[in-house]
Amino acid sequence: MRTQTLGQTSLQSSRLAYGCWRIATRGDAAADYETARAAIFAAVDAGYTLFDHADIYCDGEAERVFGRILRESPGLRARMVIATKGGIRFKNRPAGAPVRYDFSRGHLLAQAELSLRQLGVETIDLLHLHRPDYLMDADEVAGAFAELRQSGKVREFGVSNFSPSQFSLLQSRLPFPLAVNQVEVSLLQLYALHDGTLDQCQQLKVTPLAWSPLGAGLLGSGGKDLLPGQAHYNPKAILPVLDRIAGERGVTREVVALAWLLKHPSRLIPIVGSTNPARIRQHAAADQLELTREEWYHLVTAARGAEMP
Ligand SMILES: NC(=O)c1ccc[n+]([C@@H]2O[C@H](COP(=O)([O-])OP(=O)(O)OC[C@H]3O[C@@H](n4cnc5c(N)ncnc54)[C@H](OP(=O)(O)O)[C@@H]3O)[C@@H](O)[C@H]2O)c1
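Residues numbered from 1 in each chain as written. Predicted model: local features only at pLDDT ≥ 70, side-chain atom pairs only at ≥ 80, totals over all residues. Heavy atoms only, no water.

A. The arrangement of the packing of aromatic side chains in detail. For the structure shown, the criterion picks out nine aromatic pairs. Geometrically, the ring pair formed by Trp 21 and Tyr 57 is tilted, given 6.2 Å between the ring centres and 35° between the ring planes. A residue pair is termed long-range when its members are at least 10 positions apart, and Trp 21 in the loop between strand S3 (17-19) and helix H1 (29-46) and Tyr 57 in the loop between strand S4 (50-52) and helix H2 (61-72) qualify at 36 residues. Overall, the relative accessible area of 11% leaves Tyr 57 in the buried class. Note on Trp 296 and Tyr 297: the rings are 5.2 Å apart at their centroids and 75° apart in plane angle, and the pair reads as edge-to-face. On the basis of relative accessibility, which here comes to 36%, the residue Tyr 297 falls in the partly exposed class. The ring of Tyr 33 has Arg 68 lying over it, and the distance from NZ or CZ to the ring centre is 3.7 Å. Directly above the aromatic system of Phe 176 lies the positively charged group of Arg 149, at a separation of 4.0 Å from the ring centroid. (Phe/Tyr/Trp six-rings, centres within 6.5 Å; stacked < 30°, edge-to-face > 60°. Helix = DSSP H or I, 4+ residues; strand = E, 2+ residues; numbered from the N terminus. Buried < 20%, exposed > 50% of the residue type's maximum accessible area, 1.4 Å probe, protein only. Lys NZ or Arg CZ within 6 Å of the ring centre and 35° of its normal.)

Structural data, given as structure tokens:
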């Protein structure tokens with residue numbers, strides 16, 4: 001798979017990333033291990049080098065099982081850029097507390113330590129703030145980032161689900177450029193094309209990462225419910241257009257949906273979330289498919305449910 005630079009850093013990533021959110025959802029340690037191992041090896045073999053985590057995925061089990069697989073195959077670590085996220089606190093920890101976001105210095109340092117332990121690595125290549133904390137004090141975050149960087153625990157920093165103004169605020173207090181903004185973008189979620197997120201990424205040379213690039217399965221062959229922000233979109237209108245282009249190009253509909261993201265000039269990196277080894281390998285073919293402008297706009301038109309004005 002081709003590679004690209006993440007933001008203005010020296011980190012090199014494959015054009016598609018692999019997302020580890022779902023690798024340990026079976027609730028049985030042995031089954032989770034088998035699923036995770038098969039998925040990770042399929043991804044490495046297919047050329048994915050950026051692996052996306054969060055401290056909270058599968059209540060920590062995603063990072064822990066990934067760490068076990070790295071310990072068993074020590075050669076893997078050098079072939080990966082490992083990204084994770086912090087800043088979300090669970091409900092009822094402590095008892096009665098709501099879900100909340102926490103970018104305090106103490107929490108960010110503790111969460112980075114937790115991820116390092118769970119993953120069993122010495123350095124996190126890329127640490128994201130997971131979701132914007134309304135109580136974010138940008139100077140305090142900058143201080144925590146500086147400590148994590150100076151101690152060698154984190155190499156580069158990014159954000160996730162940040163609006164352009166939230167991004168600008170934090171960036172204004174940092175002595176180095178943020179590398180990425182990880183947001184939901186797909187044919188079932190177009191807002192980043194309209195709200196300035198992708199414009200800002202292109203302007204500042206920040207790499208956008210696209211989560212749920214197949215709408216959590218709805219643009220493939222699965223997925224039952226629309227995600228909360230997808231209510232305006234109609235998969236039934238998009239799938240026939242994906243299938244027509246897929247038939248003409250001799251690929252699958254998923255490959256077309258991923259190639260639609262890859263065509264954006266902000267150099268979006270879709271984060272593939274399937275745990276199925278055959279799908280993980282097949283999705284890598286999107287790197288080889290260059291859609292025409294006409295194909296790209298046919299898909300946008302189907303997603304909007306209306307011709308462009
Ligand atoms: N920053 C954030 O707030 C945030 C939020 C959500 C996700 N993420 C990141 O984004 C990554 C990807 O998200 P996602 O898992 O929702 O991505 P996705 O690629 O849109 O969806 C993958 C899901 O769809 C299912 N699926 C069903 N049919 C499929 C098909 N034909 N092809 C592919 N998948 C099919 C997969 O099941 P199988 O496993 O059976 O293939 C899997 O459950 C996550 O792992 C995580 O790293 C970040």
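Back to the text.
B. Representation of the site of the ligand in the model. Within the structure, the ligand sits among 30 residues, and Arg 22, Asp 52, Glu 254, Ser 274 and Arg 279 are positioned closest to it. A distance of 2.6 Å separates an oxygen atom of the ligand from a polar side-chain atom of Arg 279. Protein coverage of the free-state accessible area of the ligand, which is 900 Å², stands at 90%. A class-by-class count of the residues in the shell around the ligand yields eight nonpolar, 16 polar and six charged. (Near = heavy atom within 4 Å. Polar contact = N/O pair within 3.5 Å; in protein donor to acceptor, adjacent residues only side chain to side chain. Areas by Shrake-Rupley, 256 points an atom, 1.4 Å probe, with all protein chains shown as cover. Nonpolar A, V, L, I, M, F, W, Y, C, P; charged D, E, K, R; others polar.)

C. Geometry of helix H3 (residues 105-119). The end-to-end C-alpha distance of H3, which contains 15 residues, comes to 21 Å, matching closely the 21 Å that a straight helix rising 1.5 Å per residue would cover. Within the span of H3, buried status applies to His 107, Leu 108, Leu 109, Gln 111, Ala 112, Ser 115, Leu 116, Gln 118 and Leu 119. Remark: Gly 120 follows H3 within two positions and exhibits a positive phi of approximately 70°. (Expected span 1.5 Å × (residues − 1).)

D. Main features of empty space enclosed by the protein. With the rule as written, the count across this model stands at one cavity of 30 Å³ or more. Put simply, the largest cavity is a space of about 40 Å³. If you go around the largest cavity, the residues you meet are Gly 86, Leu 108, Gln 111, Ala 112, Leu 127, His 128 and Leu 129. Counting residues per element, the ones that place at least two in the lining of the largest cavity are H3 and strand S8 (124-129). (1 Å grid on protein atoms, 1.4 Å probe; cavity = no way out; pocket = protein on both sides within 12 Å on 5 of 7 lines; lining within 4 Å. Points joined across faces, edges and corners; volume = space filled by probe spheres on them.)

E. The arrangement of the packing of H1 against H2 in detail. In contact at an axis separation of 10 Å, H1 and H2 are set at 65° when each is read in the N-to-C sense. For the crossing formed where H1 meets H2, the hand is right-handed. Across the interface between the two elements, Asp 32, Tyr 33, Ala 36, Arg 37, Ile 40 and Phe 41 from H1 touch Glu 61, Val 65, Phe 66, Arg 68, Ile 69 and Glu 72 from H2. A per-class count over the contact of H1 with H2 returns seven nonpolar, no polar and five charged. (Axes fitted to C-alpha atoms, helices over the stretch in contact; angles between N-to-C directions. Left-handed = near helix turned anticlockwise from the far one by under 90°. Contact = heavy atoms within 4.5 Å.)

F. Examining unusual backbone geometry more closely. With an omega of 0°, the peptide bond between Arg 93 and Pro 94 qualifies as cis. With respect to the element layout, Pro 94 can be found in the loop between strand S6 (88-89) and strand S7 (100-101). The phi dihedral of Ala 216 is positive, around 60°, even though this residue is not glycine. Structurally, Ala 216 can be placed in the loop between strand S11 (207-211) and helix H8 (235-249).

G. A look at the pattern of salt bridges. Using the criterion set out here, one finds 16 salt bridges in the structure. Between Asp 102 and Arg 89 there is a salt bridge whose closest N-O contact spans 2.7 Å. Separated by 13 residues along the polypeptide, Asp 102 in the loop between S7 and H3 and Arg 89 in strand S6 bring together distant segments of the chain. Taking the relative accessible area as the measure of exposure, Asp 102 reaches 15% and is therefore buried. Taking relative accessible area as the criterion, Arg 89 reaches 29% and is therefore assigned partly exposed. A salt bridge links Arg 173 to Asp 139, with the nearest nitrogen and oxygen atoms 3.0 Å apart. One end of the pair, Arg 173, is in the loop between helix H5 (164-172) and strand S10 (180-184); the other, Asp 139, is in helix H4 (residues 138-150), with 34 residues separating them in the sequence. Through salt bridges with shared partners, one network takes in Arg 77, Asp 125 and Arg 155. (Salt bridge = Lys/Arg side-chain N within 4 Å of Asp/Glu carboxyl O.)

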